[in-house]
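# Structural overview
In case you want the letters, here they are:
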Amino acid sequence: MNRGRTLIAANWKMHKTSREAKAFFDTWRTFPALDCEIAFLPPFTLLHAVAPLLSGTEVLGGQNLHEAAAGAFTGEISAGMLRDAGCKYVLIGHSERRHVFGEPDERIALKVRAALEGGLRPILCVGETLEQRKNGNTLDIVWGQLAADLGRNPPREGFDIAYEPVWAIGTGKVASHHDAREVHEAVLEYLGKRGGGRDCRILYGGSVKPGNALDLLNSPGIHGLLVGGASLDPGSFHQIAALAKD
Ligand code: PGA
């Protein structure tokens, strides 16, 4: 099964102006080339500023999209607009969208379909809260999200999954590579049983730092990382990405 290259994605969330993005890439360009695919997911306002700064295996992605192609949806942005801005990827169902903005699975499922139809490769985020983990419900929660967001028959290919335990995002607490591996293997098993996601990579996200990235990347069933806070600094993001080998 060909899953392509290891993917290291930088989720910049609501950070950086165009001047700060330019400063990031000025420093980033002084570092050696990398042996993996790098996706930058800046805020929408920076897509056009970042696109011409990318080179080699670096690509662009959006952090969210609306499920409609166009219309009276103030403040929203469509798959076609992201494609037009040069995006290959789009994050869908990030825990901040689910838990801060209250996006339900029904919406997330529509967004996955819109992204695929619009020629984007969704990175669908799934993950349990601390309470759900403590109650031993992690796998049920993740399977439930996969079933609701991808449907009973997941698309055969064209999407990736990021496992991001909610309690690990921005908290400095990282899942052990054993815990991450258990979920990653469960996701692969889920997709395998349903004949979907044949080229799907499973990324881990949640407090990834230079000091914990290697353990995670070495864990079987992990095909990349989704990095938030540590991706804002070119030095720490490069240290993480340099650990990824195809
Ligand atoms: P973090 O964020 O690396 O700052 O924990 C990860 C994410 O939310 O994608």
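Above this text sits the structure in question.
The shown structure was predicted, so the numbers you read here are calculated from the model rather than taken from an experiment. (Residues numbered from 1 in each chain as written. Predicted model: local features only at pLDDT ≥ 70, side-chain atom pairs only at ≥ 80, totals over all residues. Heavy atoms only, no water.)

The subject of this paragraph is empty space enclosed by the protein. With the rule as written, the count across this model stands at 1 cavity of 30 Å³ or more. Lining the largest cavity are Gly93, Ser95, Arg98, His99, Cys125, Val126, Gly127, Gln145, Glu164 and Val166. Counting residues per element, the ones that place at least two in the lining of the largest cavity are α4 (95–100) and β5 (121–126). Among the elements that take part in the lining of the largest cavity, α4 stands out by supplying 3 residues, more than any other. (1 Å grid on protein atoms, 1.4 Å probe; cavity = no way out; pocket = protein on both sides within 12 Å on 5 of 7 lines; lining within 4 Å. Points joined across faces, edges and corners; volume = space filled by probe spheres on them. Helix = DSSP H or I, 4+ residues; strand = E, 2+ residues; numbered from the N terminus.)

Our next topic: the pairing of strand β7 (residues 202–205). Side-chain alternation along β7 places Ile202 and Tyr204 on one buried face and Leu203 and Gly205 on a second face that is also buried. Sheet topology note: the β7/strand β8 (residues 224–227) ladder contains 3 bridges and is parallel. By the bridge assignment for β8, Tyr204 is matched with Leu225. For the crossover that starts at β7, traverses helix α9 (residues 213–218) and ends in the parallel β8, the hand is right-handed. (Buried < 20%, exposed > 50% of the residue type's maximum accessible area, 1.4 Å probe, protein only. Pairing = 2+ DSSP bridges. Right-handed = clockwise from strand over helix to strand, strands pointing away.)

Moving on, we come to the nonpolar core. Ranked by internal contacts, the top residues of the largest apolar core, which has 59 residues, are Ile8, Phe40, Ile161, Tyr204 and Leu225. Ranked by residue count, the leading element in this core is helix α8 (residues 177–194), at 5 residues. Each residue touching Phe40, except ones within four places of it in the same chain, is listed here: Ala10, Trp12, Phe24, Phe25, Trp28, Leu54, Glu58, Val59, Leu60, Gly61 and Phe237. (Core = buried A, V, L, I, M, F, W, Y, C linked by side-chain atoms within 4.5 Å. Contact = heavy atoms within 4.5 Å.)

Our focus in this paragraph is the pattern of salt bridges. Counted by the stated rule, this structure contains 18 salt bridges. The partner of Asp105 in a salt bridge is Arg98, and the shortest N-O contact between them spans 2.9 Å. Residue class for Arg98 comes out buried when judged on its relative accessible area of 10%. Between Lys111 and Glu103 there is a salt bridge, and its shortest N-O distance comes to 2.9 Å. Assigned by exposure class, Lys111 and Glu103 land together as buried. (Salt bridge = Lys/Arg side-chain N within 4 Å of Asp/Glu carboxyl O.)

It is worth spelling out helix α10 (residues 234–241) at this point. Taking burial as the measure, the 8 residues of α10 include 6 buried ones, the bulk of the element. Along α10, the positions that sit buried rather than exposed are Pro234, Ser236, Phe237, His238, Ile240 and Ala241. Where α10 is buried, its residues contact β1 (7–11), α1 (18–28), β2 (37–41), α9 and β8.

Our focus in this paragraph is the site of the ligand. The local shell around the ligand consists of Asn11, Lys13, His94, Glu164, Ala168, Ile169, Gly170, Gly206, Ser207, Leu226, Gly228 and Gly229. In the model, an oxygen atom of the ligand is placed 2.8 Å from a nitrogen or oxygen of the Glu164 side chain. At a separation of 2.7 Å, an oxygen atom of the ligand approaches a polar backbone atom of Ser207. When grouped by side-chain class, the residues that make up the shell around the ligand number 3 nonpolar, 7 polar and 2 charged. (Near = heavy atom within 4 Å. Polar contact = N/O pair within 3.5 Å; in protein donor to acceptor, adjacent residues only side chain to side chain. Nonpolar A, V, L, I, M, F, W, Y, C, P; charged D, E, K, R; others polar.)

We now examine helix α7 (residues 138–150). With 13 residues, α7 extends 18 Å from end C-alpha to end C-alpha; this agrees with the ideal 18 Å at 1.5 Å per step. For α7, the full list of buried residues reads Thr138, Val142, Gln145, Leu146, Asp149 and Leu150. The arc that holds the buried residues of α7, viewed along the axis, is 100°, so those residues lie on one side. Contact partners of the buried residues in α7: α4, α5 (105–117), β5, α6 (130–134), β6 (160–163) and α8. Just past α7, the residue Gly151 takes up positive phi, approximately 85°. (Expected span 1.5 Å × (residues − 1). Arc of directions from axis to C-beta.)

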